[in-house]
Amino acid sequence: MSSSVASFTANHHIMLLSSADAVRLSGANSSGGRRVKLRLTPPRAAMVEARPQQVPAIRDVAGNSNVTGRTLQVGPSSRDRADDMQSEARAMTRAADASVYSPDLLSNKYGSRPIKVLRRALQIFNGLGSFALKVWLDQLNGELDRKMRLRAIELRQTFTRLGPTFVKIGQGLSTRPDLCPPEYLEELSELQDALPTFPDAQAFSCIERELGRPLETVYSSISPSPIAAASLGQVYKAQLKYSGQVVAVKVQRPGIEEAIGLDFYLIRGVGILINKYVDIISSDIVALIDEFARRVYQELNYVQEGQNARRFKKLYADKEDVLVPDIFWDYTSGKVLTMEWVEGVKLNEQEAIERQGLKVLDLVNTGIQCSLRQLLEYGYFHADPHPGNLLATPEGKLAFLDFGMMSETPEEARFAIIGHVVHMVNRDYEAMARDYYALDFLSPNVDVSPIVPALRDFFDDALNSTVSELNFKTLVDGLGAVLYQYPFNVPAYYALILRSLTVLEGLALYADPKFKVLAASYPYFAKRLLTDPNPYLRDALIELLFKDGKFRWSRLENLLVQGKKDRDFSAKDALQPVLKLLLGPDGKELRDLVIKEAIRVSEAIILGSAIESFNFVPGPMRTFVFNGNASGPFTISAAEQQSLMELRAQVIKIWGLLQSSENFDSNLLQPILQVLQEPEARSIGGRVVGGISQRLAARLLQQVLRAPETTAAA
């Protein structure tokens, strides 16, 4: 709900007053203060601004005081769950006739109204065409920079005139500093919540009609005009009559369904032409348009939005730094939504956020981590996270609003995305190409072998930088160039994921032009790889750690370093997936690799410790104890000795990383000890002990046989 708090910062508290003949406002602070009389005449309600940092009281006509703001803990959260479910059921009944997107119905409706369709098409062409012509002439005349601000204003005004569909396009552009100059960003950002309003009388009538009750029986006070206006509705601030709870009331614009329906009919027609005649675009444009249209139509059903908010709150608001407002079902219908009021500042208002002692990048990182959980854990994600829908609260929480546009990631795709990132880091382009089957980019009968060289050409260049230096847009653009060359079909859910992540990156770039969303995301991927028992991710972890039969300790160290940056990382959990796979029926090949590496590590630790101890022995004693052999008890070349010491140091360092985890304790070893009691584990242990014994015996034998030669030579 992008407009609920967009026009207020944390240092402004708004007080709503009952529409009595006269209302007395107490503006006293804790030390006492003067009282101010205000005479308000609007027929419905009134609104005044109180002093900063105060939480004023609201008084009704009888003089009874209700405390406003966050201190009043009443509402659905304190009611019996059964009553809440009944209220939700009644709200669903009120929204039973809500519209649903249907291309066939739109075709039947507007196919027989060619004049109206033509008039709208000309309106769109005239608006966008005249703007494009002006920009082209500015470029020809060398005035592109000088008139940048003027053109930005004109584009914002054009989008506003063209209506909600184009307002949403403008909202998306306003979060992309990599696509639009600063002047355009500033102007288009006003489309988040500074849109034209519709008459208040229509809004209040809609509330009464939808809820079936007079306005004064629902709210003890309501602002006489909207707090803010969004693309699909406008928001009022009110106080519930039954509890005194301060709420945001969103009311849908009249005639919105007609306007959006006609636009999507036209846009879908353009999509059909693109699919038919533009060969360079291999994606199904009509499918993408239909998916987007379905999401927009869902936004028109405010009961559905309320259910989305409840589901989102249940899944993701368990984190202390994430806030999701609650819904009041008794005062919600298809076109009216009443939800908890949230004080906050838009996430792109950097100065206002910093004045509260908060950091924008900390909030953006919270948004990224929450979005990763949305996309890759439960698969239910907020598909419209523009700045008006993401607010920084005075307490430093990130508040998510407006749950009209949501989407879901298929379960198989969630793990494939994580694996895809791993394969990218590992430069395993064959595995990357195979990931496109699981992501539903390619049908199973398409041969991916020709795609591998294209991926290698792009990523070998892109990965010259480390993962932490990669820009998400660079990857998207590069992959886009690859996708266009081959028979890819980008699923609609993936397009929404890209939109969500690019918006978050765009928000971060406001605060830091050098911010890299992949660097902020990688700790989450590392944690999931180390702790998730899913077979797809276990295989991806093994692919990352083993290469050519050798274990890559540096990769494990990097995963632990990155994974520890994620607040939910557990060193104990990091052992479980590998142990289960190691002892499982499908782990024979892995067991052979682990046994081989365990022997190598054991040898490095034993010999490394011996070498380290030998180096502490004074020179004369070395000659006496080891019979003149300056190299110690084993004959080892300098290169091999260095390799052993490096491996020993790396293993010790990795153990130190595990020990330094916040939730590390001695119980970490219990799962290993339990596993070692199993028959398969005892077999592995026996093979490791046998292997290291043979290696050490061979070295001793070599030393014994070589010693006389050394003496004879002497």
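Residues numbered from 1 in each chain as written. Predicted model: local features only at pLDDT ≥ 70, side-chain atom pairs only at ≥ 80, totals over all residues. Heavy atoms only, no water.

An unreviewed UniProt entry lists the protein chain under the name Protein kinase domain-containing protein, with Solanum pinnatisectum as the source organism.

> Can you lay out the packing of aromatic side chains for me, pointing to particular residues and giving the numbers?
This structure, assessed with the given rule, holds 11 aromatic pairs. Ring geometry for Tyr316 and Tyr378: centres 5.8 Å apart, planes at 65°, overall edge-to-face. One end of the pair, Tyr316, is in helix H11 (residues 302–316); the other, Tyr378, is in helix H13 (residues 360–378), with 62 residues separating them in the sequence. Under the relative-accessibility criterion, Tyr316 is labelled buried at 0%. Three or more aromatic residues joined by ring pairs form one cluster here, namely Phe312, Tyr316, Tyr378, Phe400 and Phe403. A cation sits over an aromatic face here: Lys250 above Tyr302, 4.9 Å from the ring centre. If you follow Arg311 out to its NZ or CZ, it ends over the ring of Tyr380, 3.8 Å from the centre. (Phe/Tyr/Trp six-rings, centres within 6.5 Å; stacked < 30°, edge-to-face > 60°. Helix = DSSP H or I, 4+ residues; strand = E, 2+ residues; numbered from the N terminus. Buried < 20%, exposed > 50% of the residue type's maximum accessible area, 1.4 Å probe, protein only. Lys NZ or Arg CZ within 6 Å of the ring centre and 35° of its normal.)

> Let's hear about the pairing of strand E10 (residues 246–252): which residues, and what values?
For E10, the buried fraction is high: seven of the seven residues fall into the buried class. Across the two faces of E10 the burial is the same, with Val246, Ala248, Lys250 and Gln252 and Val247, Val249 and Val251 all buried. Pairing geometry for strand E9 (residues 233–240) and E10, over seven bridges, is antiparallel. Paired with Gly233 across the bridge in E10 is Gln252. Across five bridges, the pairing between E10 and strand E12 (residues 336–340) is antiparallel. When the sheet's bridge partners are listed, Val251 is paired in E12 with Val336. (Pairing = 2+ DSSP bridges.)

> How would you explain the sheet that holds strand E15 (residues 390–392) if you had to name every residue and give the values?
Taken together, four strands build an open sheet; the order of strands is E11-E16-E15-E13 and the sheet is mixed. Both edges of this open sheet fall to strand E11 (322–323) and strand E13 (345–346), since each of them pairs with a single strand only. Here two bridges tie E13 to E15, and the two strands are oriented antiparallel to one another. Bridge pairing links Val345 to Ala392 in E15. Strands in contact with H13 are E11, E15 and strand E16 (398–400); relative to E16, the strand with the most contacts, it is inclined by about 45°. (Contact = heavy atoms within 4.5 Å. Axes fitted to C-alpha atoms, helices over the stretch in contact; angles between N-to-C directions.)

> Pulling in residues and values, what's your account of unusual backbone geometry?
For Asp402, which is not glycine, the phi torsion reads 55° and is therefore positive. With respect to the secondary-structure elements, Asp402 resides in the loop between E16 and strand E17 (406–408). Notably, Asp440 is not glycine yet its phi reads approximately 70°, a positive angle. Along the chain, Asp440 turns up in the loop between helix H15 (429–438) and helix H16 (451–462).

> Which residues make up the nonpolar core, and what are the values?
Grouped together as the largest cluster of nonpolar side chains are 144 residues, with contacts concentrated most on Phe264, Leu347 and Leu559. With 10 residues, the top contributor of residues to this core is helix H18 (residues 492–511). Non-local contacts of Leu347, meaning those with residues more than four positions away in its chain, are made with Ile353, Val360, Leu363, Val364, Pro387, Leu390, Ala392, Leu398 and Leu507. Phe204, Leu211, Tyr236 and Leu240 belong to the second largest nonpolar core, which has 19 residues in total. (Core = buried A, V, L, I, M, F, W, Y, C linked by side-chain atoms within 4.5 Å.)

> Run through the pattern of salt bridges, naming residues and quoting values.
In the structure shown here, the tally under the stated rule is 27 salt bridges. Measuring nitrogen to oxygen at the nearest pair gives 2.9 Å for the salt bridge that ties Arg146 to Glu143. Overall, Arg146 belongs to the exposed group, its relative accessible area being 60%. Its relative accessible area of 22% is what places Glu143 among the partly exposed residues. Close ionic contact of Glu186 with Arg149 constitutes a salt bridge, the shortest N to O distance being 2.7 Å. Here the residue Glu186 occupies a position in helix H6 (residues 182–188), and Arg149 occupies one in helix H4 (residues 148–162), the gap between them amounting to 37 residues. With relative accessibility at 44%, the residue Glu186 sits in the partly exposed group. (Salt bridge = Lys/Arg side-chain N within 4 Å of Asp/Glu carboxyl O.)

> Hey, could you go over the environment of Glu603 for me, with residue numbers and the actual values?
In this fold, Glu603 is placed in helix H23 (residues 588–616). With a relative accessible area of 2%, Glu603 lands in the buried category. Here the alpha-carbon distance between Glu603 and Arg648, two residues 45 residues apart in the chain, equals 9.0 Å.

> Before we move on, could you go through the confidence of the model for the protein chain and cite the residues and values that matter?
Detail in the predicted coordinates should be disregarded across regions flagged by low pLDDT. Confidence in the prediction for the protein chain averages 75 pLDDT; 70% of positions are at 70 or higher. By mean pLDDT, strand E2 (residues 23–26) is the weakest element of the protein chain at 30, and E12 is the strongest at 96. In this model residues 1–77 is a low-confidence stretch, pLDDT under 50, and it forms 172 contacts with partners more than four residues away in sequence or in other chains. Counting contacts from residues 708–714, a segment whose pLDDT is below 50, to residues more than four positions away or on other chains yields zero contacts. (pLDDT = per-residue confidence, 0-100.)

> Lay out the packing of helix H3 (residues 114–140) against H4 in plain terms, naming residues and giving numbers.
Angle between the axes and distance between the axes are the two parameters that describe a pair of packed helices. At a minimum axis separation of 11 Å, H3 and H4 run at an interaxial angle of 175°. One way to sum up the angle between H3 and H4 is to call them roughly antiparallel. Side by side, H3 and H4 meet where Arg120, Gln123, Ile124, Gly127, Leu128, Phe131, Lys134, Val135 and Asp138 of the first sit next to Arg151, Glu154, Leu155, Thr158, Phe159, Arg161 and Leu162 of the second. Residue composition of the contact of H3 with H4, grouped by class: seven nonpolar, three polar and six charged. (Parallel < 35°, antiparallel > 145°, perpendicular 65-115°, else oblique. Nonpolar A, V, L, I, M, F, W, Y, C, P; charged D, E, K, R; others polar.)

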